[in-house]
Amino acid sequence: ERIPMENLTVDKERDYKRHQDAASMAKEVGDYLSCYENLMVCYDLAEEIKENSLDKEKSQKYEELAKKAEGQANEALSQLRLPPSEIAKLKKRKLPKGFDKFIGEDKLKDYLRKTLIPYWKGHKMSQRETSAILLYGPEGVSKSVFIQSLTHELNATPYYINPMNNYSPFGDNTKEQMLRLFKMAEEKDNVVFYFTKPVCFFPKENSKINKATAKLFLKLLKKEIKRIRKKNLNILFIASTSCPDKMTEKAFQPGLFDDLLRVHHPDCKTRKAIIEERLTGIRFENPKAIDSLAKDTHGFISKEVSRLCRRIKYVADLYKKDRGDDLITNAMLERIMQDLGPMDDIEFKKHVNEFEKSLKSSIRVTNDI
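Since we're looking at a predicted model, the values are computed, not measured. (Residues numbered from 1 in each chain as written. Predicted model: local features only at pLDDT ≥ 70, side-chain atom pairs only at ≥ 80, totals over all residues. Heavy atoms only, no water.)

Asks: Any chance you could explain the packing of aromatic side chains here in plain terms?
Replies: With the rule as written, the count across this model stands at 16 aromatic pairs. With a centroid separation of 5.0 Å and an interplanar angle of 80°, the aromatic rings of Tyr160 and Tyr194 are classed as edge-to-face. Here Tyr194 lies in strand β3 (residues 191-195) and Tyr160 lies in strand β2 (residues 157-161), a separation of 34 residues in the sequence. When the centroid spacing of 5.4 Å and the interplanar angle of 70° are considered together, the rings of Phe195 and Phe202 count as edge-to-face. Residue classification places Phe195 among the buried residues on the basis of a relative accessible area of 1%. One aromatic cluster in this structure is built from Tyr159, Phe182, Phe193, Phe195, Phe201, Phe202, Phe217, Phe237 and Phe257. (Phe/Tyr/Trp six-rings, centres within 6.5 Å; stacked < 30°, edge-to-face > 60°. Helix = DSSP H or I, 4+ residues; strand = E, 2+ residues; numbered from the N terminus. Buried < 20%, exposed > 50% of the residue type's maximum accessible area, 1.4 Å probe, protein only.)

Encoded structure:
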């Protein structure tokens, strides 16, 4: 049975409201980067709603909202005073995609569907056994994208706490900003706070970062998590890192980061799914080229698999323009693969395995293999 076109805009209207809320929160505390990013998502969503809606008034409404969001985004961008190269990077944005559309990590998704999503959707987060979530694994295995997809699945307002762009651990007014954020989150409910670089906020005591930093944020976070559970609010704290061993041991205790999800390199099935999605419509000389690529990319991180796909598409486009033939031959694939290869993560595994052994038994670790 076909779904009416008008019904397809309902989810996008919901997403528009979520990102509008996130932009408002960001602007309130002077976080113009997050404000800009969320407003541009609002612009994209408003444009899609305008194009897909069968209601003339709704189309006109979202056309106006798209223009408004774009104007507000440019105002926020001007407050950042970034060089043109950085502005260009910011404008290469992508709309968030649903949890079910995230390729791979089936075990972690299944775990969260059982231990988080039902409590969130039933608004019973106080009954959940664990508190904050830490996703850890090598660089380039799509940890951030996984968290974006989870936030989308929860229909939550996403808020990134990035020490490089908004909340400096060394800022004099950081504590006040954080408290204001927590208060606004309580009013809105359904908010996911994402620490993008938790090592900066929760460093080891022997690190070069001021010891007072870890003490301040641990105290803030523990107090906030306790308050949230008491009030049964739909507010979740998530972090991701490639070096959990550099975080203070005090962060890993019940009531703080006690729900750990370990991510490894994508397996063959996941690599094949990524390649199939990225290379839809590409013609190969070898009919089993994708199966071969999935095997040949053993040990590749997700980022490298995506890079390989971009190269193949680029070569296909180039040959189509020059020769009118976009067929990818076996010889082409060999050349494309020349400087790509598996990431050496021996040191990472060593440090992370030692980190896991040091954890208390009360801390839950879920592995994706």
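So, next bit.
Asks: I keep staring at the pattern of salt bridges and nothing clicks. Help me out?
Replies: Two side chains with opposite charge may pair up if their charged atoms get near one another. By the definition in use, this model includes 26 salt bridges. When the shortest N-O distance is used, the salt bridge between Arg180 and Glu28 registers 3.6 Å. With a gap of 152 residues between them, Arg180 in helix α8 (residues 174-188) and Glu28 in helix α1 (residues 9-28) connect regions that are remote in the sequence. Using a relative accessible area of 46% as the deciding quantity, one classes Glu28 as partly exposed. A salt bridge links Arg364 to Glu129, with the shortest nitrogen-to-oxygen separation between them at 2.8 Å. Within this pair, whereas Arg364 is found in strand β6 (residues 364-367), its partner Glu129 is found in the loop between α6 (117-121) and β1 (132-136), the two being separated by 235 residues in sequence. (Salt bridge = Lys/Arg side-chain N within 4 Å of Asp/Glu carboxyl O.)

Asks: I would appreciate a short explanation of a positive patch on the surface in the present structure.
Replies: A surface patch of positive charge is lined by Lys175, Lys215, Lys219 and Lys223. In terms of residues, the positive patch owes the most to one element, helix α10 (residues 211-231), which gives 3 residues. Position of Lys219 relative to the elements: it lies in helix α10. (Patch = residues over 30% accessible without salt bridge, like charges linked within 9 Å, V, L, I, M, F, W, Y side chains within 5 Å. Areas by Shrake-Rupley, 256 points an atom, 1.4 Å probe, with all protein chains shown as cover. Lys, Arg positive; Asp, Glu negative; His and termini not counted. Charge placed at Lys NZ, Arg CZ, Asp CG, Glu CD.)

Asks: Explanation requested: the sheet that holds β2 in the structure shown.
Replies: Strands pair in a sheet through their backbones, by hydrogen bonds, and they do so in one of two ways: parallel or antiparallel. Sheet architecture is open: 6 strands sit in the order β2-β3-β4-β1-β5-β6, paired in parallel fashion. Each end of this open sheet is capped by a strand with a single partner; those strands are β2 and β6. Along the sheet, successive strands turn relative to each other by an average axial angle of 20°, direction set aside. Pairing of strand β5 (residues 257-262) with β6, which is carried by 4 bridges, proceeds in the parallel orientation. The residue of β6 that forms the bridge with Asp259 is Arg364. The strands touched by helix α7 (residues 143-153) within the sheet are β1, β2, β3 and β4 (235-241), with β4 carrying the most contacts at an inclination of about 165°. (Pairing = 2+ DSSP bridges. Axes fitted to C-alpha atoms, helices over the stretch in contact; angles between N-to-C directions. Contact = heavy atoms within 4.5 Å.)

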